[in-house]
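Here is what each chain is made of, one letter per residue.
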Amino acid sequence: SELIRGFLLSGMPCPSSCPPGLLALMAPGLALMATFSLSSQAGDRRALPVEKPPGVKGRTLILLDVNTKSPVRIISENFLSLQLDPSIIHDGWLDFLRKVRSEQTAQKKDGNQCPNMREASKHPSSYHSPPNPPSYLGCLAISLFSFPFAVDIVRSDIALDKQKGCKIAQHPDIMLELQREKATQMHLVLLKEQFSNTYSNLTLTARSLDKLYNFADCSGLHLIFALNALRRNPNNSWNSSNALSLLKYSASKKYNISWELGNEPNNYRTLIGRSVNGSQLGKDYIQLRSLLQLIRTYSRANLYGPNIGRPRKNVIALLEGFMKVAGSTVDAVTWQHYYIDGRVAKVTDFLKTRLLDTLSDQIRKIQKVVNTYAPGKKIWLEGVGATSAGGMNNLSDSYAAGFLWLNTLGLLASQGIDVVVRHSFLDHGHNHLVDQNFNPLPDYWLSLLYKRLIGPKVLAIHVAGLQRKPRPGRVIRDKLRIYAHCTSYHNHNYVRGSITLYIINLHRSRKKIKLAGTLRDKIVHQYLLQPYGKDGLHSKSVQLNGQPLAMVDDGTLPELKPRALRAGRTLVIPPLTMSFYVVKNVNALACRYR
């Protein structure tokens, strides 16, 4: 199947089917990537004192300072990106995400970089449309197929011509109700296919591709399309004939697309009964690069891969074979990570520091291989979610899942991963950012705040305080995680030189942090996210500084108002919460210039 991935720059998509307000999330500024936290050494969280030694009464006061002279990392401005699950074509949601273009709002975008999100025009809609991806979201990655289904590109007499401009498509309420019923039925079909490991083919028509590109283009997204790698010749080389027809069609429409080949090649034996080793996969990518160079529109297009799964021993061997042959062919090396099996997850799993730390080991394994064969090559985590197998209702779409998501952003940024692609904006499972009523879920609001407040420069933190010593053979894992970045340059509420902290408190007690050094006696703006309602950590709604967050209407996001804390005030972090703190007017040297 031709895999389609689209990247949203500067914001998250919204419902109008994505309402323009949601899209605004993406649009407002090329959103910057995850933030970096850590101690003076990027990636080293051991310096965070978060435990009380035996016999110590009362609260531990933590002193926090940030190195404001220079960043420890600089990540891509498209750091936080999104996927759309392939099921949106399979089950019909594509029509409800579609935005028809209108001349008045059309803007030209050049090059292969993810463009800035534009604020969507506020046209009335007769149904609750999806919010735009959070503005400032780097690229919105639209992955149309979580598995490499076989897909043919079919020219259609009713294929859409590229129109000028953008406006929101209108659909009556009854269409949305029928679509929800259809999606529920399709969800059962997809789960059955997943458990039986047998998948149906999907035909991608020219009309579907036009709709998809139209949506991405009008939302300010850059589309990344993963071509079908499962078509093999008798000698096991890639059969590119189907891909060539798609490339030619896209070029005839002058679609600005970047490309991949396949998805999780380590699973091909399960899917087609034959495996593809790293060396052959590298040759397939070289073949694809040659095809792109033959087509003028894509002669300089970006190519990403190999999008491997969890880096176990056999997968690392595949990556090594690929890098030996095609390490210089791809513009970034990609892999995927899902923390736990969504079929057996419990809410307490999302609070385990051991689980949060599993990603660090994977990053080191990937970086070791990439730096051996292509030093300096960018690395993307292109496919990440709290749970696999579609997730679990009231868990992977709840407030509790945000602990994993926010820590993932901080950890990846601090260790120099250039882009992270979140699975998924909307799909048939429960890992998504908006539900099937197009209401934003907790991770949507978390991503929106991240995009609006966090810039690409990661700063080192320095912490002082009491910390108990580990018993022999035991490792102290931090339940209080602190990351620091320069505040986003696209946020005009804060002058350059401001710093944003984001903090995860997994303790069941509040923690107190006193800002020291260059941060001492500065005014701080607090953005405290807590679950809203009686469901607690299972809640699908959140409150910001005590006020519930919800769309004002189909096209308008609420104002995200901070709570101003007086200069010099101690930060009190409630138990089991996530929060952002903008330290104003620090005049940090590292943050004055882009």
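The name that an unreviewed UniProt entry assigns to the protein chain is HPSE2 protein, with the source organism given as Casuarius casuarius.

K.L.:
Residues and numbers for the state of the cysteines, please.
P.N.:
Taken as a whole and assessed by the stated rule, the structure comprises 1 disulfide. A disulfide bridge connects Cys486 with Cys591, and the sulfur atoms are separated by 2.0 Å. Because the sign of the S-S torsion sets the handedness, a value of about -75° for the bond joining Cys486 and Cys591 places this disulfide among the left-handed ones. With Cys486 in strand 18 (residues 480–487) and Cys591 in the segment after strand 26 (577–583), this pair connects stretches of sequence that are 105 residues apart. Residue classification places Cys591 among the buried residues on the basis of a relative accessible area of 1%.

K.L.:
Tell me what's going on with the packing of aromatic side chains, and back it up with residues and numbers.
P.N.:
Applying the stated criterion across every chain, the model contains 11 aromatic pairs. Ring centres of Tyr213 and Tyr255 lie 4.1 Å apart, and the angle between their planes is 20°; on these two criteria the pair is classed as stacked. Placement of the pair is Tyr213 in helix 5 (residues 206–218) and Tyr255 in the loop between helix 6 (241–252) and strand 11 (257–261), with a sequence separation of 42 residues. Note on Tyr444 and Trp445: the rings are 5.6 Å apart at their centroids and 85° apart in plane angle, and the pair reads as edge-to-face. Here Tyr444 matches Trp445 in class, with each residue buried. Taken together, the ring pairs connect Phe79, Tyr450, Tyr483, Tyr502 and Phe580 into an aromatic cluster. Its guanidinium or amino end placed over the ring of Trp405, Arg422 lies 4.9 Å from that ring's centre, counting from NZ or CZ. Over the ring of Tyr489 we find Arg496, and its NZ or CZ is 4.9 Å from the ring centre.

Cut-offs applied
Per chain, residue numbering runs from 1 following the sequence as it is written. Under the rules for a predicted model, residues below a pLDDT of 70 receive no local features and side-chain atom pairs below 80 are neither given nor counted, while totals for whole chains, interfaces and linings still include all residues. Side-chain metrics in this entry use all non-hydrogen atoms of the structure; hydrogen atoms and water are not considered. The disulfide criterion used throughout: a pair of cysteine sulfur atoms within 2.5 Å. Each helix is a run of H or I in the DSSP string that is no shorter than four residues. Each strand is a run of E no shorter than two, and both are numbered from the N terminus. Burial classification: accessible surface area is computed with a 1.4 Å probe over protein chains only, and a residue below 20% of its type maximum counts as buried, one above 50% as exposed, and the rest as partly exposed. Two aromatic rings, drawn from Phe, Tyr or Trp (for Trp, its six-membered ring), form a pair once their centres lie within 6.5 Å of each other, and the interplanar angle then sorts them: stacked below 30 degrees, edge-to-face above 60, tilted otherwise. By definition, being over a ring means that NZ of Lys or CZ of Arg is both within 6 Å of the ring centre and within 35 degrees of the ring normal.

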